[in-house]
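The lines below spell out each chain.
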Amino acid sequence: MPVHTSGSSHDSPGKGAGLGLALASALAFGGSGVAAKPLIEAGLDPLHVVWLRVAGAALVMLPIAVRHRALPRRRPALLAGFGLLAVAGVQACYFAALSRIPVGVALLIEYLAPALVLGWVRFVQRRPVTRAAALGVVLAAGGLACVVEVWSGLSFDALGLVLALGAACCQVGYFVLADQGSDAGETAPDPLGVIAYGLLVGAAVLTAVARPWSMDWSVLAGSADLNGTGVPAVALLAWVVLVATVIAYITGVLSVRRLSPQVAGVVACLEAVIATVLAWVLLGEHLSAPQVVGGAVVLVGAFIAQSSAPAKGSPEPVASGGAERELSARGTAA
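Residues numbered from 1 in each chain as written. Predicted model: local features only at pLDDT ≥ 70, side-chain atom pairs only at ≥ 80, totals over all residues. Heavy atoms only, no water.

Enquirer: Can you explain the nonpolar core? Please cite residues and give values.
Expert: Counting residues in hydrophobic clusters, the biggest one holds 60 residues, and the most contacted among them are Leu44, Phe82, Tyr174, Leu199 and Tyr249. In terms of residues, this core owes the most to one element, helix α12 (residues 233-258), which gives eleven residues. Residues Ala140, Ala145, Leu270 and Ile274 belong to the second largest nonpolar core, which totals 34 residues. (Core = buried A, V, L, I, M, F, W, Y, C linked by side-chain atoms within 4.5 Å. Buried < 20%, exposed > 50% of the residue type's maximum accessible area, 1.4 Å probe, protein only. Helix = DSSP H or I, 4+ residues; strand = E, 2+ residues; numbered from the N terminus.)

Here is the structure:
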């Protein structure tokens, strides 16, 4: 297949907008922990917070799902995959991993996703990847190790590591499925419709896992402590639902459509940096020198990876931009 097409959504004109959307998505996703942690400390089970997050976002996106009600008949596999992997799978595997291994270890393994995306491109789609993109992934992974201070609580619980790796694989599914039909023009599945139905599927799956009927709903009527300040629990939940989920998924999927799964994946590594900085500012959590250095390394890695996209019409290897992937082509034809 050609490296670029004239209508590619990964070309230079959309690159700046795509990077802006990717950064906005990382900021929105990164702020989820700052709002969710006070809710958990107030008495909500972590899995119940995840269910509230996804179910609330699904409710917000329900009018869009109704508007695109023909989408399930046209792309049932895409919607089911996005809901199971990009929504329910990432959340369930990550929180299950947290019950067995340290947060830093789980987060670092989950953000191996950009490297796994490159592996998908190279060995599944059999397309070459640029050295710059690979270097960017290596730097981002090394920087993340510093940001999450992985050395402070190393644990080698086999099941916990498998669950964290499962979260990383599900995140790969998020980036790959978000890119479906990106070069298909008017026939591409509407990204908002994909997100809406993905959230509905994810909410249904998480309902069976989280069993919300056992949740202490009275916590939402009270307040939660945000670094010594009482904040209405419902306000924190609104932030988690509207910003950290709805806006985060919308900007994230749109950024993948304009960049590529590889580039968007590396930029998404900034989520861990943003989460650490916000926890320092809003929750009073300590930010060590290695974390500051690690954040800078992640930024460098993300910059190198996103700048490795070949120019429009270039025959160079594609690792961060290019024509429709084989998977997307198959999905569009479905």
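Structure's up, so let's keep going.
Enquirer: Describe the packing of helix α6 (residues 76-98) against helix α10 (residues 158-178), and please don't skip the residues or the numbers.
Expert: At their nearest, the axes of α6 and α10 sit 8 Å apart, and the two run at 150° to each other. As far as their axial angle goes, α10 and α6 are roughly antiparallel. As α6 runs across α10, the sense of the crossing is left-handed. Counted together, Leu78, Gly81, Phe82, Leu85, Ala86, Gly89, Val90, Cys93, Tyr94, Ala96 and Ala97 of α6 and Gly160, Leu163, Ala164, Gly166, Ala167, Cys170, Gln171, Gly173, Tyr174, Leu177 and Ala178 of α10 form the full contact between these two elements. (Axes fitted to C-alpha atoms, helices over the stretch in contact; angles between N-to-C directions. Parallel < 35°, antiparallel > 145°, perpendicular 65-115°, else oblique. Left-handed = near helix turned anticlockwise from the far one by under 90°. Contact = heavy atoms within 4.5 Å.)

Enquirer: How would you explain the environment of Ile64 if you had to name every residue and give the values?
Expert: Inspection of the secondary structure puts Ile64 in helix α4 (residues 62-67). Each C-alpha atom of the pair Ile64 and Leu192 lies 7.1 Å from the other, and the pair is 128 residues apart in sequence.

Enquirer: Provide a residue-level description of the side chain of Thr251, including the pertinent values.
Expert: Structurally, the position occupied by Thr251 is in helix α12. Side-chain polar atoms of Thr251 contact the backbone nitrogen of Ser25, separated by 3.5 Å. Within the structure, the side chain of Thr251 is placed 2.7 Å from the backbone oxygen of Ile247, a separation counted as a polar contact. If we ignore the near neighbours within four places in the chain, the residues touching Thr251 are Leu21, Ala24 and Ser25. (Polar contact = N/O pair within 3.5 Å; in protein donor to acceptor, adjacent residues only side chain to side chain.)

Enquirer: Which residues make up a nonpolar patch on the surface, and what values go with them?
Expert: There is a patch of nonpolar side chains on the surface, built from Val277, Trp280, Val281 and Leu282 and spanning about 360 Å² of accessible area. Looking at where Val281 falls in the secondary structure, it is placed in helix α14 (residues 270-282). (Patch = residues over 30% accessible without salt bridge, like charges linked within 9 Å, V, L, I, M, F, W, Y side chains within 5 Å. Areas by Shrake-Rupley, 256 points an atom, 1.4 Å probe, with all protein chains shown as cover. Salt bridge = Lys/Arg side-chain N within 4 Å of Asp/Glu carboxyl O.)

Enquirer: Give me the packing of helix α3 (residues 46-60) against α6: which residues, what numbers.
Expert: In contact at an axis separation of 10 Å, α3 and α6 are set at 165° when each is read in the N-to-C sense. For the element pair α3 / α6, the angle class is roughly antiparallel. Crossing hand, α3 versus α6: right-handed. Contact residues: α3 offers Pro46, Val50, Arg53 and Val54, while α6 offers Val87, Gln91 and Phe95. Residues that form the contact of α3 with α6 fall into these classes: five nonpolar, one polar and one charged. (Nonpolar A, V, L, I, M, F, W, Y, C, P; charged D, E, K, R; others polar.)

Enquirer: Run through the state of the cysteines, naming residues and quoting values.
Expert: Applying the stated rule across the entire model yields zero disulfides. No disulfide involves Cys169; its sulfur sits 7.1 Å from the nearest other cysteine sulfur, which is in Cys170. (Disulfide = S-S within 2.5 Å.)

Enquirer: Account for the packing of aromatic side chains, with residues named and values stated.
Expert: In total, this model carries six aromatic pairs according to the counting rule given. Each ring, one from Trp51 and one from Trp217, has its centre 6.2 Å from the other, and the planes form 90°; the classification is edge-to-face. Highlighted residues: Trp51 in helix α3 and Trp217 in the loop between α11 (191-210) and β1 (223-226), separated in sequence by 166 residues. Residue Trp51 is classed as buried on the basis of its relative accessible area, which comes to 14%. Take Trp217: its relative accessible area is 45%, and that puts it in the partly exposed class. Taken together, a centroid distance of 5.9 Å and an interplanar angle of 85° make the contact between Tyr174 and Tyr249 edge-to-face. (Phe/Tyr/Trp six-rings, centres within 6.5 Å; stacked < 30°, edge-to-face > 60°.)

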